[in-house]
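Spelled out from the first residue to the last, the chains are:
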Amino acid sequence: MKHTTHRLTPAQQRRQWISGPLFLAGSAYLLHLTLSRPLNERTALVAILFVPLLAVIGTAQLRALRTSVSFDEHELWWTPLWGGRKRVAWTDVTNVETVKKNERANAPDVVRITHRVHGVRNLPVLIGLPGTWRDPDFETKAAGLVTAWHTATAPAAAT
């Protein structure tokens, strides 16, 4: 089996490139409005709550461009939203499945792994968003990951 890497689709990347700077610009604009006017309790509350919130959302949108999921015949590794790299051997993974993220009707599908020690993790990038943002190859990518896990953890054939 060869090394395989999945990243966001071009359509999803465009969305991140558009929405990330818009959230950051909204944060900067709200901060500018707050600092350029006399501060009252309401203005201070809005600034304290929404300036950091919009900045974090905008930063997360841009950082999502660097997320990835990779695997080969021995291990799975991914780059989460806030950096670093997580690596797990296939032998430590007890389950790989595609599930709904939550109970809502329009909830995205996610690929979830269960690690022997660290529990359940949702993988980044392999997210079947609803509607027009859905990766048309999501099912194929998820099936490839499940197949890689089955192949890596299958008992060796008797010779």
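Residues numbered from 1 in each chain as written. Predicted model: local features only at pLDDT ≥ 70, side-chain atom pairs only at ≥ 80, totals over all residues. Heavy atoms only, no water.

Peer 1: Lay out the overall build of the protein in plain terms, naming residues and giving numbers.
Peer 2: For the protein, the helix and strand inventory stands at three helices and seven strands. Mapped from its N terminus to its C terminus, the protein presents α and β elements in the order β-α-α-β-β-β-β-β-β-α. Taken over C-alpha atoms, the radius of gyration comes to 20 Å for the protein, far larger than the 15 Å a tight globule of 159 residues would show. Reported as C-alpha extents along the three principal axes, the dimensions of the protein are approximately 80 × 35 × 30 Å. Looking at the protein as a whole, 35% of its 159 residues are labelled buried. Residue pairs in contact within the protein that sit at least 24 positions apart in sequence constitute 50% of those at least 6 positions apart. Here the protein has roughly 9,900 Å² of accessible surface; of this, 61% comes from carbon and sulfur atoms. Of note, the protein has its 19 positive side-chain charges centred 8 Å away from the centre of its 11 negative side-chain charges. (Helix = DSSP H or I, 4+ residues; strand = E, 2+ residues; numbered from the N terminus. Rg over C-alpha atoms; globule rule 2.2 N^0.38 Å. Buried < 20%, exposed > 50% of the residue type's maximum accessible area, 1.4 Å probe, protein only. Contact = heavy atoms within 4.5 Å. Areas by Shrake-Rupley, 256 points an atom, 1.4 Å probe, with all protein chains shown as cover. Lys, Arg positive; Asp, Glu negative; His and termini not counted. Charge placed at Lys NZ, Arg CZ, Asp CG, Glu CD.)

Peer 1: So what's going on with the packing of aromatic side chains? Which residues, and what values?
Peer 2: For the structure on display, the rule yields one aromatic pair. Ring geometry for F71 and W90: centres 6.3 Å apart, planes at 70 degrees, overall edge-to-face. Separated by 19 residues along the polypeptide, F71 in strand β2 (residues 68-71) and W90 in the loop between β4 (86-89) and β5 (93-100) bring together distant segments of the chain. The pair F71 / W90 is uniform in exposure class, with both members buried. Seen from the ring of W77, R87 lies directly overhead, with NZ or CZ sitting 4.7 Å from the centre. (Phe/Tyr/Trp six-rings, centres within 6.5 Å; stacked < 30°, edge-to-face > 60°. Lys NZ or Arg CZ within 6 Å of the ring centre and 35° of its normal.)

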